[in-house]
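Fold and geometry: a report
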Amino acid sequence: MSLSFDSKFAPHYGEAVDIAPHVHRITVNNPSPFTFYGTNSYLVGTDTLALIDPGPIDDAHKATLLNAIAGRPVSHIFVSHTHRDHSPLATILKDELGALLVAEGPHRAARPLHIGEVNLLDASADTDFVPDIIAANNTIINGDGWALRTIYTPGHTANHAVFALEDTGILFSADHIMAWSTSIVAPPDGSMSDYMASLDVMLELDSRVYFPGHGGAVTKPKAFVRGLRGHRKMRERAILERVRAGDRTIATMVKAIYRDTDPRLHGAAALSVLAHLEDMVARGIVQTEGNAAIDGVYWT
């Protein structure tokens, strides 16, 4: 399936943007090659609200959220995953608003560290986050005029979840699926096999629109998810071709495969290649000495 990304997005920093009945988006002014224009927070409801992904500790964003909340009670704060651009403000707002924190669970890696391995993603993890409610897969939490279903989608992180607004066709897809870019899947926090399985989960849902953690809406969800699956399979084939052509290290593969990509993203690209190689080694398609590693040597 073809995959076309949509980079059109107006962040409207400092404002709550009405994007659907009783749904508002507030974007943090934290743009970067990884966050696009910034992290999206969402307010759901009219009288008593739900807040999804409050974002990083940012005074201006906090003020915008509180202004949009306008003194109304917030019963629950939902957190899709524990990267520092999504979750740290949740604990602060919990104390100020008296809300309950809802998530799949605290931060954890998708697998244990191998001997001698260093987790390059430690700085991005919010290891202080502790949910009040550990929502089981497909748990529905009912609020005042809204109901949100937690759906497990590990891959980007081990504790990643998306939230479906029941009876609306709206799904808050966080960093699992975004219109502007593919999701970063980087071991040991992420897992490519988990990510691909989570794409299959998304295809089973009857969503009409995704509101992601960064950028604008995905308006044709099933076609886009099929495109993402095809894109990941194409990337796997490109890696296999490089290995068969004689590339033995991830660094040389990245130079060839991502030659047209912003060099600032080559570190993330290397981890994405590692995620694919972990999966391919586990399936017996590619070989390496011991565990797949960022500095490993690969062959077929």
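Residues numbered from 1 in each chain as written. Predicted model: local features only at pLDDT ≥ 70, side-chain atom pairs only at ≥ 80, totals over all residues. Heavy atoms only, no water.

Before going further, it helps to examine the packing of aromatic side chains. A complete count under the given rule lists ten aromatic pairs for this structure. With a centroid separation of 4.4 Å and an interplanar angle of 5°, the aromatic rings of Phe36 and Trp180 are classed as stacked. Taken together, the positions of Phe36 in the loop between strand S2 (23–27) and strand S3 (40–44) and Trp180 in the loop between strand S11 (170–174) and helix H3 (192–203) put the pair 144 residues apart, joining distant regions of the chain. Through pairs of rings, three or more aromatic residues link up here, namely Phe9, Phe36, Tyr37 and Trp180. In this arrangement the basic side chain of Arg232 is found over the ring face of Tyr195, its NZ or CZ atom lying 4.9 Å from the centre. (Phe/Tyr/Trp six-rings, centres within 6.5 Å; stacked < 30°, edge-to-face > 60°. Helix = DSSP H or I, 4+ residues; strand = E, 2+ residues; numbered from the N terminus. Lys NZ or Arg CZ within 6 Å of the ring centre and 35° of its normal.)

Before going further, it helps to spend a moment on the nonpolar core. Among the nonpolar cores identified, the biggest contains 21 residues, and Ile239, Ile250, Met253, Val254, Val273, Leu277 and Tyr298 are the most heavily contacted of them. Looking at this core, the elements that each hand over two or more residues are helix H4 (221–244), helix H5 (250–257) and helix H6 (266–282). Here the element with the most residues in this core is H6; it accounts for seven residues. Filtering out sequence-adjacent residues up to four positions away, Val273 remains in contact with Ile239, Ile250, Met253, Val254 and Tyr258. Listed in part, the 20 residues of the second largest apolar core include Ile151, Ile177, Val185 and Leu203. (Core = buried A, V, L, I, M, F, W, Y, C linked by side-chain atoms within 4.5 Å. Buried < 20%, exposed > 50% of the residue type's maximum accessible area, 1.4 Å probe, protein only. Contact = heavy atoms within 4.5 Å.)

Attention now goes to the pairing of strand S9 (residues 147–152). In terms of strand pairing, strand S8 (residues 140–142) meets S9 through three bridges, oriented antiparallel. Each bridged residue has a counterpart across the sheet, and for Asn142 the counterpart in S9 is Ala147. Here S9 runs beside strand S10 (residues 161–165); their pairing, made up of five bridges, is antiparallel. Bridge pairing in S10 places Ile151 opposite Val162. (Pairing = 2+ DSSP bridges.)

To continue, consider the sheet that holds strand S12 (residues 209–212). The strand order across the open sheet built from five strands is S8-S9-S10-S11-S12, with neighbouring strands paired in mixed fashion. Every other strand in the sheet has two partners, leaving S8 and S12 as the edge strands with one partner each. Neighbour-to-neighbour, the strand axes of this sheet turn through a mean angle of 25°, independent of strand direction. (Axes fitted to C-alpha atoms, helices over the stretch in contact; angles between N-to-C directions.)

Looking now at the pairing of strand S1 (residues 17–20). The side chains of a regular strand alternate between both faces of the sheet. Sheet topology places S1 next to S2; three bridges connect them, and they run antiparallel. Residue pairing across strands places Val17 opposite Arg25, the latter belonging to S2. Linking two consecutive strands that pair antiparallel, namely S1 and S2, is a turn of two residues; a positive phi of about 65° is found at His22 within it.

This next bit is on the sheet that holds S3. Overall, mixed pairing links the seven strands, which are arranged S1-S2-S3-S4-S5-S6-S7 in an open sheet. Two strands in the sheet have a free side with no partner beyond their single neighbour: S1 and strand S7 (133–134). The sheet contact formed by strand S5 (residues 74–78) and strand S6 (residues 100–103) spans three bridges and is parallel. What sits directly across from Ile77, in S6, is Leu101. Packed onto the sheet, helix H1 (residues 59–69) meets S2, S3, strand S4 (49–52) and S5 and runs at close to 15° relative to S3. Along the sheet, helix H2 (residues 88–97) makes contact with S4, S5 and S6, crossing S5 at roughly 170°.

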